[in-house]
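What follows is the residue order along each chain.
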Amino acid sequence: MAWTPATLAVFVGIFSAIALIGVLEGIKYRDGIERSGVLGLTTTLGDRLFITLLGSAYIFLAWLGLVGQPVWTPLFLSIGWGIFVFWKV
């Protein structure tokens, strides 16, 4: 894998999100924010982050497999997916 500025940005973003969720779970929401959403799953903040990251990876892979470059559209789709997951799931 080539380490480019874009690769660095992806990894910094993922690890920053994990750190933010860890801080929120550790300090502000000690008992966790569990809720049952549209999928019928009881999820916490970490679960919703994992579902968001996994879904975003699938969105990008499907886009690259079906359409190719540029990847601005799947970026916005992934952001929308993340908002939906944290809002409804």
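Our structure's up above, just so we're on the same page.
Predicted model only: the values in this text are computed from it and were never measured.

**Student:** Residues and numbers for the overall build of the chain, please.
**Tutor:** Across its full length, the chain holds three helices and two strands. Along the chain direction, N to C, the helices and strands of the chain fall in the order α-β-β-α-α. Judged by the C-alpha coordinates and their principal axes, the chain covers about 40 × 30 × 20 Å. Expressed as a percentage of the 89 residues in the chain, the buried residues total 18%. For the chain, long-range pairs separated by at least 24 residues make up 47% of all intrachain contacts whose partners lie at least 6 apart in sequence. A total of about 6,400 Å² of accessible surface is found on the chain, and carbon and sulfur atoms cover 74% of it.

**Student:** Please provide a residue-by-residue account of unusual backbone geometry, values included.
**Tutor:** Between Gln-69 and Pro-70 the backbone carries a cis peptide bond, its omega angle lying at -10°. Mapped onto the secondary structure, Pro-70 falls in the loop between helix H2 (45-66) and helix H3 (72-88).

**Student:** Go over H2, please, and point to the residues and values.
**Tutor:** Taking 1.5 Å per residue, 22 residues should reach 32 Å; H2 reaches 31 Å between its end C-alpha atoms and fits that length. When we look at burial in H2, the residues that qualify are Leu-45, Arg-48, Leu-49, Ile-51, Thr-52, Gly-55 and Ser-56. One side of H2 holds all its buried residues, which, seen down the axis, span an arc of 160°. Residues of H2 that are exposed and point more than 90 degrees away from the buried face comprise Phe-50, Tyr-58, Leu-61 and Gly-65.

**Student:** Residues and numbers for the packing of aromatic side chains, please.
**Tutor:** For the structure on display, the rule yields three aromatic pairs. Taken together, a centroid distance of 5.9 Å and an interplanar angle of 35° make the contact between Trp-81 and Phe-84 tilted. One end of the pair is Trp-81 and the other is Phe-84, both in helix H3 and three residues apart, which spans about a single turn. With a relative accessible area of 27%, Trp-81 lands in the partly exposed category.

**Student:** So what's going on with the packing of H2 against H3? Residues and values would help.
**Tutor:** Where H2 contacts H3, the two axes come as close as 9 Å, and the packing angle between them is 155°. In terms of axis orientation, H2 runs roughly antiparallel to H3. Here the hand of the crossing between H2 and H3 comes out right-handed. For the pair H2 and H3, contact is made by Leu-45, Arg-48, Leu-49, Ile-51, Thr-52, Gly-55, Ser-56, Ile-59, Phe-60 and Trp-63 and by Thr-73, Pro-74, Leu-75, Leu-77, Ser-78, Trp-81, Gly-82, Val-85 and Phe-86, respectively.

About the cut-offs
Residues numbered from 1 in each chain as written. Predicted model: local features only at pLDDT ≥ 70, side-chain atom pairs only at ≥ 80, totals over all residues. Heavy atoms only, no water. Helix = DSSP H or I, 4+ residues; strand = E, 2+ residues; numbered from the N terminus. Buried < 20%, exposed > 50% of the residue type's maximum accessible area, 1.4 Å probe, protein only. Contact = heavy atoms within 4.5 Å. Areas by Shrake-Rupley, 256 points an atom, 1.4 Å probe, with all protein chains shown as cover. Expected span 1.5 Å × (residues − 1). Arc of directions from axis to C-beta. Phe/Tyr/Trp six-rings, centres within 6.5 Å; stacked < 30°, edge-to-face > 60°. Axes fitted to C-alpha atoms, helices over the stretch in contact; angles between N-to-C directions. Parallel < 35°, antiparallel > 145°, perpendicular 65-115°, else oblique. Left-handed = near helix turned anticlockwise from the far one by under 90°.

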